[in-house]
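Structural description and commentary
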Amino acid sequence: MRVQKTMNLNQQQAHNIASVLAEALPYIQRFAGKTIVVKYGGNAMTDDKLKAGFARDIVLMKLVGMNPVVVHGGGPQIGNLLERIGKQSEFIQGMRVTDTETMDIVEMVLGGLVNKEIVNLIHQHGGNAVGLTGKDGNLITANKMKMTIDKPELNAPEIIDLGHVGEVDKINTKVLDMLIQDDFIPVIAPVGVGKDGHSYNINADLVAGKVAEALQAEKLMLLTNTPGLLNKEGELLTGLNAQSVDALIKDGTIYGGMLPKIQCALDAVQAGVHSSHIIDGRVEHAVMLEVFTDEGVGTLITSN
């Protein structure tokens with residue numbers, strides 16, 4: 001009797017595996033040869049189990065014929081190192097004020113520690129990755145970000161100097177095309193260089209969106225620390241288009257820190273990316289679940 005139970009259990013496990021593979025097959029066929037840009041950040045970057053799962057997902061995508069491109073953040077890691085050297089982080093409207101000393105730390109953490117850790121993780125799980133910053137191959141040309149804050153008492157907006165904080169001017173895809181054609185997985189740190197020769201710290205979501213646009217990617221995937229976009233009742237919103245997103249912004253459902261992320265996703269699909277996805281990076285194998293299953297694990301945004 002005990003042997004029979006074991007056999008039934010093994011048969012059920014095999015059946016489950018077969019069902020998963022059967023469900024994944026049409027997605028593998030549909031996305032073979034397509035570029036998928038993944039912004040990697042949040043808890044998925046700090047939890048060892050989630051980090052390993054992310055690396056395996058990226059390697060699997062490459063092995064079945066997709067072309068993943070990873071853009072990563074690293075805000076908490078930057079903050080930790082600044083704290084260790086006795087420098088306090090300052091934020092204005094979610095943007096880190098970045099003086100010259102802070103920019104040196106940003107480049108060290110993003111272009112060195114974090115970037116190389118991700119590359120190493122991908123290698124450990126059988127992939128072949130190359131780490132880049134936007135300064136390599138003139139990949140990301142940046143402009144200094146201009147921020148203004150309304151000051152009714154002054155009857156004029158106040159101009160805020162964030163230092164070395166930038167926004168994407170142009171993505172040079174030549175180096176990415178070369179790496180993708182040679183079966184490498186590009187891993188990009190969001191540091192750009194201006195025409196003035198200065199380095200600029202750029203929001204990783206914005207870089208991922210612009211990279212997806214420049215490559216005319218099939219998908220843009222933004223990993224977050226939330227299940228996706230929620231309505232006012234806390235329920236997950238799945239399939240959205242540009243019109244419904246605009247309505248959710250107007251009625252206050254989308255606000256605060258989610259606004260720039262949603263805008264980035266929306267800009268990408270309006271610029272030719274087939275779909276954008278805001279997914280829960282706290283879920284193990286979130287990338288695999290979103291790409292290879294019917295249900296997915298987040299919010300899907302399309303142009304129409």
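Looking up the protein chain in an unreviewed UniProt entry gives the name Acetylglutamate kinase, with the organism given as Thiomicrorhabdus heinhorstiae. For the protein chain, the Catalytic activity (unreviewed entry) comment in UniProt is given as "N-acetyl-L-glutamate + ATP = N-acetyl-L-glutamyl 5-phosphate + ADP". The UniProt entry for the protein chain carries this comment under Subcellular location (unreviewed entry): "Cytoplasm".

With that out of the way, let us pick up the UniProt feature "site: Transition state stabilizer" (unreviewed entry) in the protein chain. Residues annotated by UniProt as "site: Transition state stabilizer" (unreviewed entry) correspond here to K39 and K261. Spanning 223 residues, the named residues form one tight spatial group whose C-alpha atoms are at most 10.9 Å apart. For K39, the location among the structural elements is in strand β1 (residues 35–40). For K39, a relative accessible area of 10% corresponds to the buried category. Sequence-distant contacts of K39, that is, excluding residues within four places in its chain, are made with V71, A204, D205, A208, M221, L222, L223 and K261. Here K261 lies in helix α8 (residues 258–270).

Here we take up the sheet that holds strand β11 (residues 191–194). The mixed open sheet is built from four strands, whose spatial order is β9-β6-β11-β12. The open sheet terminates on both sides in strands that have one partner only, identified here as β9 (166–171) and β12 (199–201). Taken pair by pair, the neighbouring strands of this sheet meet at an average axis angle of 50 degrees, ignoring direction. Its contacts with the sheet place helix α4 (residues 100–124) against β11 and β12, and it is angled at close to 75 degrees to β12. Set on the sheet, helix α6 (residues 204–215) makes contact with β6 (140–144) and β9; between it and β9 the angle comes to about 15 degrees.

Okay, unusual backbone geometry next. In this model, Q216 sits at a positive phi of 50 degrees, which is unusual for a non-glycine residue. Checked against the element boundaries, Q216 lands in the loop between α6 and β13 (219–224). Notably, H285 is not glycine yet its phi reads approximately 60 degrees, a positive angle. Counting through the fold element by element, H285 comes out in the loop between β17 (275–280) and α9 (286–292).

Glancing now at the side chain of T98. Note that T98 resides in the loop between β4 (95–96) and α4. On the basis of relative accessibility, which here comes to 1%, the residue T98 falls in the buried class. At a separation of 2.9 Å, a polar atom in the side chain of T98 contacts the main-chain carbonyl oxygen of R96. Excluding residues within four positions of it along the chain, T98 makes contact with M103, V106, L162, G163, H164, V165 and N201.

A separate point is the UniProt feature "binding site: substrate" (unreviewed entry) in the protein chain. Here, UniProt's "binding site: substrate" (unreviewed entry) annotation points to G74, G75, R96 and N201. Look at the named residues: they lie 128 residues apart in sequence, but the longest C-alpha span between them is just 11.9 Å, so in the fold they bunch up. Looking at R96, the relative accessible area reads 9%, which means it is buried. Not counting the four nearest positions on each side in its chain, R96 is found in contact with G75, I78, G79, L82, S89, E90, F91, T102, L162 and V165. There is a polar contact of 2.8 Å between the side chain of R96 and the side chain of S89. By the element assignment, N201 lies in strand β12. Beyond its immediate stretch of four places on either side in the chain, N201 contacts T98, M103, V106, L110, H164, V165, G166 and P190.

For the rest of this paragraph, the subject is the sheet that holds strand β18 (residues 298–302). In space, the eight strands of this open sheet follow the order β5-β10-β2-β1-β13-β17-β18-β16, with mixed pairing throughout. Single-partner strands in this sheet number two, and they are β5 (129–133) and β16 (239–241). With direction set aside, neighbouring strand axes in the sheet form an average angle of 20 degrees. Alignment of strand β2 (residues 67–72) against strand β10 (residues 185–189), held across two bridges, turns out to be parallel. Residue V70 lies in a different strand from β10, and its bridge partner there is V187. The sheet strands contacting helix α5 (residues 174–181) are β2, β5 and β10, and the helix crosses β10 at an angle near 145 degrees. Where α8 meets the sheet, it contacts β1, β13, β17 and β18, and its direction lies at approximately 170 degrees from that of β13.

What follows concerns the pairing of β17. Counting buried positions along β17 gives six out of six residues, so the element sits mostly inside the fold. What you see with β17 is no split at all: S275, H277 and I279 on one side and S276, I278 and D280 on the other are buried throughout. Sheet topology note: the β13/β17 ladder contains six bridges and is parallel. Note that in β17 the partner of L222 across the bridge is I278. Strand direction decides the pairing type here: β17 and β18, joined by four bridges, are antiparallel.

Definitions and cut-offs
Residues numbered from 1 in each chain as written. Predicted model: local features only at pLDDT ≥ 70, side-chain atom pairs only at ≥ 80, totals over all residues. Heavy atoms only, no water. UniProt positions renumbered as here; feature names shortened; annotations may be inferred. Helix = DSSP H or I, 4+ residues; strand = E, 2+ residues; numbered from the N terminus. Buried < 20%, exposed > 50% of the residue type's maximum accessible area, 1.4 Å probe, protein only. Contact = heavy atoms within 4.5 Å. Pairing = 2+ DSSP bridges. Axes fitted to C-alpha atoms, helices over the stretch in contact; angles between N-to-C directions. Polar contact = N/O pair within 3.5 Å; in protein donor to acceptor, adjacent residues only side chain to side chain.

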